[in-house]
Amino acid sequence: PGPVAGDAAIATFEPQARMEVVDARLQIALIHHPGADASLFRREGEYWIDLCVTPRRPSASGSFVEHWGTHRHVELGSLIAFPPGQTMQIRNAGGRHVSLICQLRSEALERHLPADFAWTDHRREACLNISSERLRSWFMRLYHELRNPGLASAEFCSSLLTAISIELARFLVA
């Protein structure tokens, strides 16, 4: 993937490392926004999970445009998960950061959710700043595994992603 169109600038997305496993595509990427921008973001069939391993761009915020008013934007934390099928507007003031991106198949997480699970405003907002230290540490472990793959790396990452899917489902229903 190359440039990503925004309303005011073109962002570049430079993959540094990649791995594909059964339920996810993992990549470490350098993302550069040359100036302030706002863009729409939507994925179908996958959760887009982003662990920013360097400080996130200044004033980065997100809004669920189909559910929130135009005035409501929430600051993005270091670990975020954009749900499938929901359109986000993402704003930032420009800059660079490095992220671990996990494109997790929606079924991998949703099979652990209760049958009556529904997206609420509280759950959407929680996805923009995931406060779980356990999830953060597991994503950091994935980051290190992608940087320096070891013996049976793909199997290790798949196992860790199963645990992450369960823990993220628990986070969402809490």
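On a predicted model such as this, the values are computed, not experimentally measured, just so you know.

So, helix α4 (residues 153-173): which residues are in play, and what are the values?
Across its 21 residues, α4 extends 30 Å between first and last C-alpha, which sits within 8% of the 30 Å expected from 1.5 Å per residue. Along α4, the residues that are buried comprise S153, C157, L160, L161, I164, S165, E167, L168, A169, F171 and L172.

Please set out the packing of aromatic side chains residue by residue, giving values where relevant.
For any pair of aromatic rings, the description rests on two quantities: the centre-to-centre distance and the angle between the ring planes. Under the counting rule described, the total for this entry stands at four aromatic pairs. With a centroid separation of 5.1 Å and 75 degrees between ring planes, the pair formed by F64 and W68 is classed as edge-to-face. A relative accessible area of 6% places W68 in the buried class. Between F117 and W119, the ring centres sit 5.3 Å apart and the planes meet at 85 degrees, which makes this aromatic pair edge-to-face. Ring pairing ties together the aromatic residues F41, W48 and F82, which thus form one cluster.

Give a detailed account of the packing of helix α3 (residues 133-147) against α4, specifying residues and quantitative values.
The packing of two helices is summarised by the inter-axis angle and the distance between the axes. Orientation of α3 relative to α4, taken along the N-to-C sense of each, is 160 degrees, at an axis distance of 10 Å. One way to sum up the angle between α3 and α4 is to call them roughly antiparallel. Both α3 and α4 take part in a crossing whose hand is left-handed. Residues R134, L135, W138, F139, R141, L142, E145 and L146 of α3 form the contact with α4, whose own contacting residues are S153, F156, C157, L160, L161, A163, I164, E167, L168 and F171. Tallied by class, the residues present in the contact of α3 with α4 amount to 13 nonpolar, one polar and four charged.

Reading the values: rules and limits
- Residues numbered from 1 in each chain as written.
- Predicted model: local features only at pLDDT ≥ 70, side-chain atom pairs only at ≥ 80, totals over all residues.
- Heavy atoms only, no water.
- Helix = DSSP H or I, 4+ residues; strand = E, 2+ residues; numbered from the N terminus.
- Expected span 1.5 Å × (residues − 1).
- Buried < 20%, exposed > 50% of the residue type's maximum accessible area, 1.4 Å probe, protein only.
- Phe/Tyr/Trp six-rings, centres within 6.5 Å; stacked < 30°, edge-to-face > 60°.
- Axes fitted to C-alpha atoms, helices over the stretch in contact; angles between N-to-C directions.
- Parallel < 35°, antiparallel > 145°, perpendicular 65-115°, else oblique.
- Left-handed = near helix turned anticlockwise from the far one by under 90°.
- Contact = heavy atoms within 4.5 Å.
- Nonpolar A, V, L, I, M, F, W, Y, C, P; charged D, E, K, R; others polar.

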